[in-house]
Amino acid sequence: MKKLISALAVTLAMTGVQANAQDVADMNDLEYAHIAYTADNIDIRYAYLALALSTNPDIHEFANTMIRDHTAVNEAALGLLDKLGASAQDNAFSQTLNANADKIIDGFVELRGAEFDVAYATNELAYHQAVNDLVENTMIPNIDNAEVKALFQQGLEIFKAHEGHAEMMVKALQ
């Protein structure tokens, strides 16, 4: 069961991101903003679930970091959008990310203890790898507004650190 849920989480996380990279390359900055905001909110949802279901202090520390950092980036993004007099634009990619997250969460709620911890850590690693790759190699090169691009670059630095932390968590739980 554990391997099945972990594989499902990784597959869903990767499918929503990699399958549509070309479509994302053709989007505008406001659609990118929505994707990033959506991805941050998904990771916040995962983190709150980890706080509720795990008793592992390392998982709790990581989850609290996810909540703090992703909330801060979203607040900065909303502030920038407000300054620019713009609104993020919903799109099919954001909707796919949310649909995949709902499926992952449905699988997570069935798990407890070490089984949940491994599934959560594995998903966090795959999610950060996939989203970081998309942001770095598809979104940032195609962002037109310099302020939006700078915010994405700052966020990417933070989220690459998350990826490294998740990788260490996965190794520690094996």
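Before reading further, recall that the structure is shown in the block above.
Residues numbered from 1 in each chain as written. Predicted model: local features only at pLDDT ≥ 70, side-chain atom pairs only at ≥ 80, totals over all residues. Heavy atoms only, no water.

So, on to helix α6 (residues 113-142). Residues separated by three or four positions in an α-helix point in the same direction, a consequence of the helix having 3.6 residues per turn. With 30 residues, α6 should cover 44 Å at 1.5 Å per step; its first-to-last C-alpha distance of 42 Å lies within 8% of that length. Within α6, the axis deviates most sharply at Val 135, by approximately 35 degrees. (Helix = DSSP H or I, 4+ residues; strand = E, 2+ residues; numbered from the N terminus. Expected span 1.5 Å × (residues − 1). Bend = angle between axes of the 7 residues up to and from the residue.)

Relative to the 24 Å expected for 17 residues at 1.5 Å per residue, helix α5 (residues 92-108) spans 24 Å between its end C-alpha atoms, a close match to the ideal helical length. Among the residues of α5, those classed as buried are Phe 93, Ser 94, Leu 97, Asn 100, Ala 101, Ile 104, Ile 105, Gly 107 and Phe 108. Around the axis of α5, the buried residues are gathered within 150 degrees of arc, so they sit on the same side. Opposite the packed face of α5, turned more than 90 degrees from it, sit the exposed residues Ala 92 and Asp 106. (Buried < 20%, exposed > 50% of the residue type's maximum accessible area, 1.4 Å probe, protein only. Arc of directions from axis to C-beta.)

Let's shift gears to the environment of Phe 116. By the element assignment, Phe 116 lies in helix α6. The exposure class assigned to Phe 116 is buried, which follows from its relative accessible area of 0%. Sequence separation between Phe 116 and Ser 54 is 62 residues, and the spatial gap between their C-alpha atoms is 7.0 Å. With residues near it in sequence (within four places) discarded, Phe 116 still touches Leu 49, Ala 50, Leu 53, Ser 54, Phe 108 and Leu 111. (Contact = heavy atoms within 4.5 Å.)

Before going further, it helps to examine the nonpolar core. Core analysis: the biggest nonpolar cluster contains 45 residues, and Val 24, Tyr 46, Phe 108, Phe 116, Tyr 120, Met 139 and Phe 152 have the highest contact counts within it. Among the secondary structure elements, those contributing two or more residues to this core are α3 (29-53), α4 (57-84), α5, α6 and α7 (146-173). For this core, the element with the most residues is α6, which contributes 11 residues. Beyond its immediate sequence surroundings of up to four residues, Tyr 120 is in contact with Tyr 46, Ala 47, Ala 50, Ile 59, Phe 62, Ala 63, Met 66, Phe 108 and Met 169. (Core = buried A, V, L, I, M, F, W, Y, C linked by side-chain atoms within 4.5 Å.)

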